[in-house]
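Architecture at a glance
Residues per chain are reported as follows:
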Amino acid sequence: MRSQLNRELSGILFLILALGTSVLIGKEMSFAVLAIIVLLAQLGIYTFHSKKRGKLFWLYAVALVTEILFLATNEFWIFALAILQLIVAGVWNVFFAGDVRKSGKVFLMVRRVLYVILALVASVVWIVNIYVQPITRSVTLPAELTAEINNDQLDSSTTMLDNIEKMNSFGSRTTGSEGHNQFIAWLQQQVTDMGLTVYRDKYTFDRWEEKKSSVIVDNQEIHVSSAFPYSGETDTNGVTGEFVYTKPGEYEEAKGKIAVVEIKNFKNFPMALVMNIREKFRAPGGIPSDEGDLVLTTALKHAKLDEAKEQGVKAVIIVWDGVSDEKAEKQYLPFTEHYFGIPAVWVNKTAGQKVINAAKEHKAGTVILEAEKQEHAPTESFYVKIEGKNKKESVIVNTHTDGVNVVEEDGAIGMLSMIRYLQQQEQPERTMIFTFVTGHFRLPEFKGTSQATSTWMQAHPELWDGKDGHLKAVAGLTVEHLGSLEWKDNASGQYGPTGKISTEFTYAGNERMEAIWMKAVEDRNNTRTVILRGHNKFQFGESQPLFNAGIPMIGLIPMPDYLLVDSTNREMDKFDVNLMHEQVGSLLKALQLVDHTETTELGTADKYSFFFGRTK
């Protein structure tokens, strides 16, 4: 009986170790040590309590050697073999070791079924690991592979700031807006003046843009933090009805009335579910747990406006919970939803309490959300080329042009400086394609397979897919959110600067691109680099379409808390042009390193990693 219990407990322990080793990326070594301890204990029990050394003993011995080899080498295929041996040991202990009991007790049957389920889960996770290979190894670039930037030929910080101010002069640049169209025309004129040919892709879509929003209760106006983009609209008089406090999706009692719901902010989201660190440089804290919290909150916690519309609700007031009033102000969120046909507005916690109190007292009020709607609104993507010596290969440098403030999106300004610099250098080895895409702020219509760049890629396979005489994109570089300083809510709920720059999240498509980016930033003091791998099908920003296409890429995408704030000052108080200048220099170094690396060394993009990523 004691022997049977030991086998079953050992079996479940081996399966748990196999799961933990697979699921918790970055903890493989720790689990290997645990597995070695358990295996040594089992070998000891087997040696002192058994008269002969059976097959299970030798399985333990081989598994022990494999785990030790993995500790010594950190080699992926040894890691995969070690997991398989743990699974086999677990199944063997539970189902095949010792005498098979013929008892038909329900407890035994249920226990065996649970063991089978756990074994199947562990096996599936093992197969996923074989497919994605979660363990990556850093590579060393050849000593002769270097990159230097001549700052006399790179736009100065003053010139970059002049261009930033010109961009800001167009105002908010939501997709297809007047400001956005003016910005695109200005960018096209800039590259035309450099002697480059502009290749345009013209689109039309149905555009929505807020003009005025307010909430009125007891003849007093309640402050609205922002409108819910593409929610819906009212006339100048708005809609009036009783306020009903409810939960998102529970709108039955609000039919013919105005619903009031709360959305609680994710302050400490488990970032390991959406991010996985490859490497970091001068970023001791790794991934902040609250980075991009409002974007994640609105992506994962829906107000369910579709259901409100179906239930005949007149309007929805959404109250921010768990975020300071200052941080919630003018947030253009969510920016990835389709048109709902029902007006909705966001109010901060202070104003929201007044609205909630009014709803609990069954008071009536008014919601006004005037918006401009334009059918078949025009917008454009465009690209330019710097011809390379190699007429068969290309490098894609991309960003989006639509945005609401200085850092969302100033990547286009950075790319202007990059183009101007490259035109003063020798002809590159490969053709450089600089792509300025539209639609990032209207992804329901422009996302293609992932982000707006995928729509452009679908239209231009001749520039990247390598088929039928087409150019083959051997690398990509994505430029977003330059010059971002970090602002956060502190422990007291006050919003302000932390004195740091924003975490410089940078996706790297494989180990070689990771090494190239590390080389590009190694001489910078003002950096906070965290290099990421696409994880659980998440890769934030416009580098994702390149990654999905198997193109090894580098995607710079800091994600400050004010990224989607549509303020009148365009968040210039949170922008550092000198930081932007340094980042452009790093991007140019990375581009040089890529261009001087053999295609076989650049390789292809990795697959997404899965499960629970590294965050430290």
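The structure this text deals with has already been given above.
Below you will find a few notes about this structure. (Residues numbered from 1 in each chain as written. Predicted model: local features only at pLDDT ≥ 70, side-chain atom pairs only at ≥ 80, totals over all residues. Heavy atoms only, no water.)

Another point: the nonpolar core. In terms of nonpolar packing, the biggest core is built from 152 residues, with F243, V316, I317, M418 and F434 touching the most fellow members. Counting residues per element, this core draws most heavily on helix α17 (residues 577-595), at 9 residues. Not counting chain neighbours up to four residues away, the residues in contact with F434 comprise F382, Y383, V384, I386, V397, M415, M418, I419, L422 and L591. Formed by 32 residues, the second largest nonpolar core is a distinct cluster that contains L56, I83, I87 and I135. (Core = buried A, V, L, I, M, F, W, Y, C linked by side-chain atoms within 4.5 Å. Buried < 20%, exposed > 50% of the residue type's maximum accessible area, 1.4 Å probe, protein only. Helix = DSSP H or I, 4+ residues; strand = E, 2+ residues; numbered from the N terminus. Contact = heavy atoms within 4.5 Å.)

Okay, helix α11 (residues 349-360) next. The first and last C-alpha atoms of α11 sit 16 Å apart over 12 residues, in line with the 16 Å expected at 1.5 Å per residue. Those residues of α11 not exposed but buried are A351, G352, V355, I356, A358 and A359. With its buried residues spanning 160 degrees around the axis, α11 presents them on a single face. For α11, the exposed residues set more than 90 degrees away from the buried face come down to K354 and K360. Packed against the buried residues of α11 are β1 (199-217), β2 (220-222), β4 (239-245), β5 (258-264), β7 (315-321) and β8 (344-347). Between the side-chain oxygen of the N-cap and the backbone nitrogen of T350 there are 3.1 Å, and the N-cap of α11 in question is N348. H362 sits one or two residues past α11 and shows a positive phi near 60 degrees. (Expected span 1.5 Å × (residues − 1). Arc of directions from axis to C-beta. Polar contact = N/O pair within 3.5 Å; in protein donor to acceptor, adjacent residues only side chain to side chain.)

Our next topic: a nonpolar patch on the surface. Where nonpolar side chains cluster on the molecular surface, the patch consists of V33, L34, I37 and L71 and spans about 320 Å² of accessible area. Mapping L34 onto the fold places it in helix α2 (residues 28-49). A relative accessible area of 43% places L34 in the partly exposed class. (Patch = residues over 30% accessible without salt bridge, like charges linked within 9 Å, V, L, I, M, F, W, Y side chains within 5 Å. Areas by Shrake-Rupley, 256 points an atom, 1.4 Å probe, with all protein chains shown as cover. Salt bridge = Lys/Arg side-chain N within 4 Å of Asp/Glu carboxyl O.)

As a further point, take a negative patch on the surface. A cluster of acidic residues, E250, E252, E253, D306, E307 and E310, forms a negative patch at the surface. Its location among the elements puts D306 in helix α9 (residues 305-310). (Lys, Arg positive; Asp, Glu negative; His and termini not counted. Charge placed at Lys NZ, Arg CZ, Asp CG, Glu CD.)

Here we take up the layout of surface pockets. The volume enclosed by the largest pocket comes to roughly 720 Å³. Along the wall of the largest pocket there are 33 residues; nearest its centre are F335, T336, L443, Q451 and F540. For the lining of the largest pocket, the secondary structure elements donating two or more residues are α8 (293-300) and α13 (443-446). The element best represented in the lining of the largest pocket is α8, accounting for 5 residues. The residue inventory of the lining of the largest pocket, partitioned by class, reads 16 nonpolar, 12 polar and 5 charged. (1 Å grid on protein atoms, 1.4 Å probe; cavity = no way out; pocket = protein on both sides within 12 Å on 5 of 7 lines; lining within 4 Å. Points joined across faces, edges and corners; volume = space filled by probe spheres on them. Nonpolar A, V, L, I, M, F, W, Y, C, P; charged D, E, K, R; others polar.)

Their axes nearest at 10 Å, the elements helix α12 (residues 411-422) and α17 cross at an angle of 50 degrees. The angle between α12 and α17 falls in the class oblique. In terms of crossing hand, the pair formed by α12 and α17 is right-handed. Residues I413, G414, S417, M418, Y421 and L422 of α12 pack against M580, V584, L587, L588, L591 and Q592 of α17. Its residues placed into classes, the contact of α12 with α17 shows 9 nonpolar, 3 polar and no charged. (Axes fitted to C-alpha atoms, helices over the stretch in contact; angles between N-to-C directions. Parallel < 35°, antiparallel > 145°, perpendicular 65-115°, else oblique. Left-handed = near helix turned anticlockwise from the far one by under 90°.)

On to the pattern of salt bridges. With the rule as written, the count across this model stands at 32 salt bridges. In this structure, the salt-bridge partner of E75 is R137, at a minimum N-O distance of 2.7 Å. With a gap of 62 residues between them, E75 in the loop between α3 (55-73) and α4 (76-96) and R137 in the loop between α5 (106-132) and α6 (157-169) connect regions that are remote in the sequence. Among the residues examined, E75 registers a relative accessible area of 30% and is labelled partly exposed. Its relative accessible area of 43% is what places R137 among the partly exposed residues. Three or more residues are tied together by salt bridges with common partners; here these are D290, E291, D293, K327, K488 and D561.

Tracing the backbone shows E522 in the loop between α15 (511-521) and β16 (529-533). Exposure remark for E522: the relative accessible area of 36% places this residue in the partly exposed category. Spatially, the C-alpha atom of E522 lies 16 Å from that of M580, the residues being 58 residues apart in sequence. In contact with E522, other than residues within four places in its own chain, are F281 and R282. In this structure the side chain of E522 is engaged in a polar contact, spanning 3.4 Å, whose partner is the side chain of K519.

Mapped onto the fold, H470 is located in the loop between α14 (452-459) and β12 (472-479). A relative accessible area of 24% means that H470 is categorised as partly exposed. Residues H470 and F183, spaced 287 residues apart in sequence, show a C-alpha to C-alpha distance of 31 Å. Apart from residues lying up to four places away in sequence, H470 is in contact with K392, P461, E462 and D465. A polar atom in the side chain of H470 sits 3.4 Å from the backbone oxygen of P461.

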